[in-house]
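Observations on chain architecture
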Amino acid sequence: MDIARSDVVRSIAGRDQGKLFFVLETEGEFLLLADGKLRKMEAPKRKKRRHAERVEVQHTRVAEKIKGGEKITNSELRRTLTQLGEGGNPDQEG
């Protein structure tokens, strides 16, 4: 399965190895990634596709916002990725 915009990926190479990111854009063999903490929406990380693997996750509000081109805050990214990393439901508040 190819990596597309709004997917969640895990870095498999580099200093950020093992960390989760949202894909904000795709540019040929590169991905623009953000996690809301180290890599914010304003300055996404540019990473080669082969250095990231897609993580299977259920529908999230943040992914829908990315697809729809809506404004997303760094705190929304952090909160959702933290919940996904813990195996929780990202749409559950509280």
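As a reminder, the structure under discussion sits directly above these lines.
These remarks concern the structure in this document.

In any sheet, the strands associate via hydrogen bonds between backbone groups, in a parallel or an antiparallel arrangement. On the basis of which strands lie adjacent, the open sheet formed by 5 strands has the order β4-β3-β2-β1-β5 and antiparallel pairing. Two strands close off the open sheet at either side, each with one partner strand: β4 (45–48) and β5 (52–55). Between one strand axis and the next, the sheet turns through 50 degrees on average, direction left out of account. As judged from the 4 bridges shared by strand β1 (residues 8–11) and β5, these two strands associate in the antiparallel manner. By the bridge assignment for β5, Val9 is matched with Arg54. Helix α2 (residues 74–86) rests against β1, β2 (20–27) and β3 (30–34) of the sheet, and its axis sits at about 120 degrees to β2.

Among the residues of helix α1 (residues 61–68), those classed as buried are Val62, Ala63 and Ile66. The arc enclosing the buried residues of α1, seen along the axis, measures out at 100 degrees, which places them on a common side. Turned more than 90 degrees from where α1 packs its buried face, Lys67 and Gly68 sit exposed. Of the surrounding secondary structure, the elements contacted by the buried residues of α1 are β2 and α2. Just downstream of α1, Gly69 is the residue with a positive phi angle, here 75 degrees.

Basis of the calculations
- Residues numbered from 1 in each chain as written.
- Predicted model: local features only at pLDDT ≥ 70, side-chain atom pairs only at ≥ 80, totals over all residues.
- Heavy atoms only, no water.
- Pairing = 2+ DSSP bridges.
- Helix = DSSP H or I, 4+ residues; strand = E, 2+ residues; numbered from the N terminus.
- Axes fitted to C-alpha atoms, helices over the stretch in contact; angles between N-to-C directions.
- Contact = heavy atoms within 4.5 Å.
- Buried < 20%, exposed > 50% of the residue type's maximum accessible area, 1.4 Å probe, protein only.
- Arc of directions from axis to C-beta.

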